[in-house]
Amino acid sequence: MSAAMDTESTYSGYSHYSGHSKKAHRQGRDRHKSPRSKDGSRSEKSVTIQTPPAEPLLGNDASRAEEGQDDNWGETTTAITGTSEHSISQEDIARISKDLEDSVGLDCKRYLGLTVAAVLGLLVFLTPIAFILLPQILWRDDLEPCGTVCEGLFISVAFKLLILLTGTWALFFRQPKADLPRVFVFRALLLVLIFLFVFSYWLFYGVRILDLKDTNYQGIVQYAVSLVDALLFIHYLAIVLLELRQLQPMFTIKVVRSTDGESRYYSLGHLSIQRAALVVLENYYRDFTVYNPALLTASKSRAAKHMAGLKVYNVDGPGNNASGQSRAMIAAAARRRDSSHNELYYEEADHERRVKKRRARLVVAVEEAFTHIKRLQAEEQQKAPGEMMDPREAAQAIFPSMARVLQKYLRTTRQQQYHSMESILQHLSFCITNNMTPKAFLERYLNPGPTLQYDRDRWFSKQWTLVSEEAVTSGLQDGVVFVLKCLDFSLVVNVKKVPFIKLSEEFIDPKSHKFVLRLQSETSV
């Protein structure tokens, strides 16, 4: 309990310090606003949107230079939060409003398709029952008596309808995973086929049975049984087209993330481009590491630093144009190319050294904290049941001992925006509940995991755009390239067909494996 009080006092000091940091950040931002407004290349019509500050432990200031950090910067506080700033123009606002209107249209299209499919399915299941009941209602006295065979057909229709209902529920009644830009061709064809099939049966029933008032009731029941049998065959066709056809791998696709070049390979069957894009996105959230834009800022800052060190002097007077200056800068950068690789080498080596050092400190701190947990568990066993701490309280008790070391490691590896204080506490209490080792606790932070491992609000993109030269309803072909775009990056997908493999057989005579070993009678001594 004393450790928990120390934690509260620490974070109260943190909130006071964070307020001063926010005020200083706002003043610095106001000082830099005036020269920006004088720039003629920037649009005058702009809106600044300020997002709320991040969670207390780990700030979102990912662009902070690592060289300016001191090893003792976190002794008095645990974090410095800030506000992020984004500027958008009137055209961007108009585009956002258009995207909202398009999303409303997609919702209407989705619900319209579900409504049509539900009405058609209800019509399909009520049609055989109506075929059997209508003669009993309209001309019951004129019907011939139903014999044993006719009554047995009732049982057949009931069980076949039950099987059809179960199969339809398993195949079609699923929660949709995505909104596709176009309709699913095979599903639309199946709906049209079912509608034409039921319509033709109703047409024949109305002309030959209702108009003539057929008295052969066994033949009417047999007619309803034939309808149910045909519907079962259509359901089998739907299973083949929607599920079995795509199981055999026919194409190999390469998915490349445009920002960092991370790639994966997948095998797909006969799918349309839009359904292949859906499979790519499902596998992306599972297989690709989380997109971290902070890792890309190092190369950009390095290039900006090299270009900032160049000075251009206009020796020809004011008549020289800007193209001459750009050529001079390019030539100077080419002359400095021989020394830039040395700077990159030593910079990466120094970064790896700092990561290894802080990783070792983190491992030691976590092992000591878990050792303290075991000691607390031994002490809690001697107390009364009402005085024992739950895993959440135990996690809060040992968290301050590792918080500063963990934060410095996450900042060094640029992962701080994906791990909030609440998520770390939840993971720590989960590990304590399940009696997991320190290595199991650190696995999430030492090795960047897949995208699904992190909080949904930090990585999930609600809108993806499919860009393809071919129609998105057409099937995959060799050499097809399509792009999946979101706000921060894009996924480039290249399709290659699996080559035709020809195997030949070679017969080996079993007698060719027999050998004769001849030993000499005399051996040398």
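Residues numbered from 1 in each chain as written. Predicted model: local features only at pLDDT ≥ 70, side-chain atom pairs only at ≥ 80, totals over all residues. Heavy atoms only, no water.

- The name given to the chain in an unreviewed UniProt entry is VANG1 protein, with the source organism recorded as Tychaedon coryphoeus.
- UniProt's Sequence similarities (unreviewed entry) comment on the chain is quoted here verbatim: "Belongs to the Vang family."
- Listed under Subcellular location (unreviewed entry) in UniProt, the entry text for the chain is "Cell membrane". (UniProt positions renumbered as here; feature names shortened; annotations may be inferred.)

## Focus: the sheet that holds strand E7 (residues 490-497)
Then step 1. The strand order across the open sheet formed by five strands is E4-E3-E7-E6-E5, and the pairing between neighbours is antiparallel. Here the strands that pair on one side only, and so sit at the sheet edges, are strand E4 (263-268) and strand E5 (465-468). The average undirected angle you get between the axes of adjacent strands in this sheet is 25 degrees.
Then step 2. Alignment of strand E6 (residues 481-485) against E7, held across five bridges, turns out to be antiparallel. Across the sheet, residue Lys485 finds its bridge partner in E7, namely Ser490. (Pairing = 2+ DSSP bridges. Helix = DSSP H or I, 4+ residues; strand = E, 2+ residues; numbered from the N terminus. Axes fitted to C-alpha atoms, helices over the stretch in contact; angles between N-to-C directions.)

## Description of the UniProt feature "transmembrane region" (unreviewed entry) in the chain
Then step 1. UniProt feature "transmembrane region" (unreviewed entry): in the numbering of this structure it lies at residues 111-133, 153-172, 184-204 and 224-244.
Then step 2. Within the segment residues 111-133, helix and strand shares are 100% and 0% respectively, and the terminal C-alpha atoms sit 32 Å apart.

## Notes on the pattern of salt bridges
Then step 1. Per the counting criterion, the structure on display carries eight salt bridges.
Then step 2. For Arg257, the salt bridge goes to Asp260, with nearest N and O atoms at 2.9 Å.
Then step 3. Relative accessible area serves as the criterion here: at 41%, Asp260 is assigned to the partly exposed category.
Then step 4. Here Glu262 makes a salt bridge to Arg264, at a shortest N to O gap of 3.0 Å. (Salt bridge = Lys/Arg side-chain N within 4 Å of Asp/Glu carboxyl O. Buried < 20%, exposed > 50% of the residue type's maximum accessible area, 1.4 Å probe, protein only.)

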